[in-house]
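Listed here are the chains, written in short residue letters.
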Amino acid sequence: MASSPDTSKTTKLERYNSYIRRVNSTKLLAASSKLLFRVTLLVALILIFFFTFHYPPLSDTPAASGHHLHTTSHLLSSAFYGGGAQWEKEVRRSSTPRRANGFSVLVTGAGGFVGTHCSLALKKRGDGVLGLDNFNTYYDPSLKRARQKMLKQHEIFIVEGDLNDGELLAKLFDIVPFTHILHLAAQAGVRYAMENPQSYVSSNIAGFVNLLEVAKNADPQPAIVWASSSSVYGLNTENPFSESHRTDQPASLYAATKKAGEEIAHTYNHIYGLSITGLRFFTVYGPWGRPDMAYFFFTKDILQGKAINIYQTHDNKEVARDFTFIDDIVKGCLGAVDTAEKSTGKGGKKRGPAQLRVYNLGNTSPVTVGKLVSILESLLNVKAKKHVIKMPRNGDVPYTHANVSLAYNDFGYKPTTDLSTGLRKFVKWYVSYYGIQSRVKGSNPSA
């Protein structure tokens, strides 16, 4: 009878072989992991090396070169904004001046009415201009996008972002040593404040503070020119409005936020040495303007045969405004930029007294709303359907009139465009932009 096989030796052998296979697998996995880590590290080093030398600084000055070394350390974080290295390249290219001793200016609200015109003027004279805009829907965003397209044709890049995005603002200052900020971004409009008050606080107060926080920590600190408003005069009855008149009686939330901005500017100037200039604009109008302004929607409604409301005060007086043409406002903005002194702080600490200014920018010639409508009727060759009604209590004031002698004395501000001339230029743009020349009988768009 045959003996049974010795299974114990076979079992032990199989266990041993299984153990050897597990050991070899573990060694192979460990070796593969090490290889993968080394390859990944090598690729990362190659990419950093490539980007560092592929995108050199646009300026050969020592300051710019040192700044480039600083921004290189933030290379990977820039990838989270608009496409990484290419986005950063656009930012640097747009903000680099093309003239000797030119400025590098961050223009907030660059997709807006005044922001677009100021950006073009700065760029045309050789300054570097970088725009910032959130393209909100307060009015037709397509008009803002059309302005953006026009700026792009002049090699002006707009970063799409919000003033309250502190990380984005800090990143922009990491990339570019701005000499100036032209702060024109704001929630505009007197009446809309009754519908959406929080938007005014968010943009005009919180957004402004956020911008100043970044500016105070910048090295070098930029000089700041920003848009306040004639609305700060509120219920003031002295005429013409002078910078020395009281501004503690705002008639609207919009005016209150602009007045708050002036007080905030004083604080940051006093504590941190920021050079700050506030500009009180008086009813700006012209081509590429805002659709929520009376001259704009009057033009639209007159052409469409709709009735327009013309306000009177409760004591039956006509409402009048110091209408100021956009070209004059731009000259004032650039005059303020050119005469702004350098900020005196460093590392968030004040090193000496810094410039603090406030100016009126107006036309010095108030015109009644009724006269405005008459000029539009003549230019459009259409009779308006007018409803004369009492001014509602929505924050509007009955009369504005600018005294601009201070701006004239300090940087030669002198408005030269009367309302008839300015509206003719606006109507020419309006009928061309909206493609309705044929509907404007008897007008002369080419004038």
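Refer to the structure printed above.
The text that follows walks through the structure, step by step, so that each part is easy to find. All of these numbers come straight from a predicted model, not from anything done at the bench. (Residues numbered from 1 in each chain as written. Predicted model: local features only at pLDDT ≥ 70, side-chain atom pairs only at ≥ 80, totals over all residues. Heavy atoms only, no water.)

Given 3.6 residues per turn, any residue in an α-helix points the same way as the ones three and four places further on. The buried fraction of helix α10 (residues 294–303) amounts to seven of the 10 residues, a majority that puts the element mostly inside the structure. Those residues of α10 that sit buried are Tyr-295, Phe-296, Phe-298, Thr-299, Asp-301, Ile-302 and Leu-303. Elements in contact with the buried residues of α10: α5 (113–124), β7 (284–285), β8 (307–312), α12 (369–380) and α14 (419–433). Positive backbone phi, at 75°, marks Gly-305, one or two positions downstream of α10. (Buried < 20%, exposed > 50% of the residue type's maximum accessible area, 1.4 Å probe, protein only. Helix = DSSP H or I, 4+ residues; strand = E, 2+ residues; numbered from the N terminus. Contact = heavy atoms within 4.5 Å.)

Here we take up the pattern of salt bridges. Opposite charge on two side chains makes pairing possible when the charged atoms of those side chains draw close. Enumeration over the complete set of coordinates arrives at 12 salt bridges. Note that Asp-127 is salt-bridged to Arg-125, the shortest N-O span being 2.6 Å. Its relative accessible area of 0% is what places Asp-127 among the buried residues. A salt bridge links Arg-280 to Glu-262, with the nearest nitrogen and oxygen atoms 2.8 Å apart. Of this pair, Arg-280 sits in strand β6 (residues 276–281) while Glu-262 sits in helix α9 (residues 253–272), and the two are 18 residues apart along the sequence. The pair formed by Arg-280 and Glu-262 is uniform in burial state, with each residue classed as buried. (Salt bridge = Lys/Arg side-chain N within 4 Å of Asp/Glu carboxyl O.)

Take the sheet that holds strand β13 (residues 356–361) next. Strand order in the open sheet formed by seven strands is β3-β2-β1-β4-β5-β6-β13, with parallel pairing between adjacent strands. Two strands in the sheet have a free side with no partner beyond their single neighbour: β3 (157–160) and β13. If you compare each strand with its neighbour and ignore which way they point, the axes differ by 20° on average. Two elements, strand β1 (residues 104–108) and strand β2 (residues 128–133), share five bridges in a ladder whose sense is parallel. In the sheet register, Thr-108 faces β2, and the bridge partner there is Leu-132. (Pairing = 2+ DSSP bridges. Axes fitted to C-alpha atoms, helices over the stretch in contact; angles between N-to-C directions.)

Turning our attention to the environment of Arg-99. Topologically, Arg-99 is positioned in the loop between α4 (85–95) and β1. Remark: the alpha-carbon pair of Arg-99 and Arg-125, spanning 26 residues in sequence, is separated by 7.7 Å.

The next point concerns the packing of helix α8 (residues 197–217) against α9. The geometry of α8 relative to α9 is characterised by a closest axis approach of 10 Å and an angle of 15° between their N-to-C directions. If you check the angle between α8 and α9, you find them roughly parallel. Every pair of crossing elements has a handedness; the one defined by α8 and α9 is right-handed. Facing Pro-197, Tyr-200, Asn-204, Ile-205, Phe-208, Val-209, Leu-212, Glu-213 and Lys-216 of α8, the residues of α9 in contact are Leu-253, Tyr-254, Thr-257, Lys-258, Ala-260, Gly-261, Ile-264, Ala-265, Tyr-268 and Tyr-272. (Parallel < 35°, antiparallel > 145°, perpendicular 65-115°, else oblique. Left-handed = near helix turned anticlockwise from the far one by under 90°.)

Looking now at the environment of Tyr-408. Checked against the element boundaries, Tyr-408 lands in helix α13 (residues 405–411). According to the relative accessible area criterion, Tyr-408 is partly exposed, its value standing at 47%. Taking the C-alpha atoms as reference, Tyr-408 lies 9.8 Å from Asn-360; in sequence the two are 48 residues apart. Those residues in contact with Tyr-408 that sit more than four places away from it in its chain are Tyr-413 and Lys-414.

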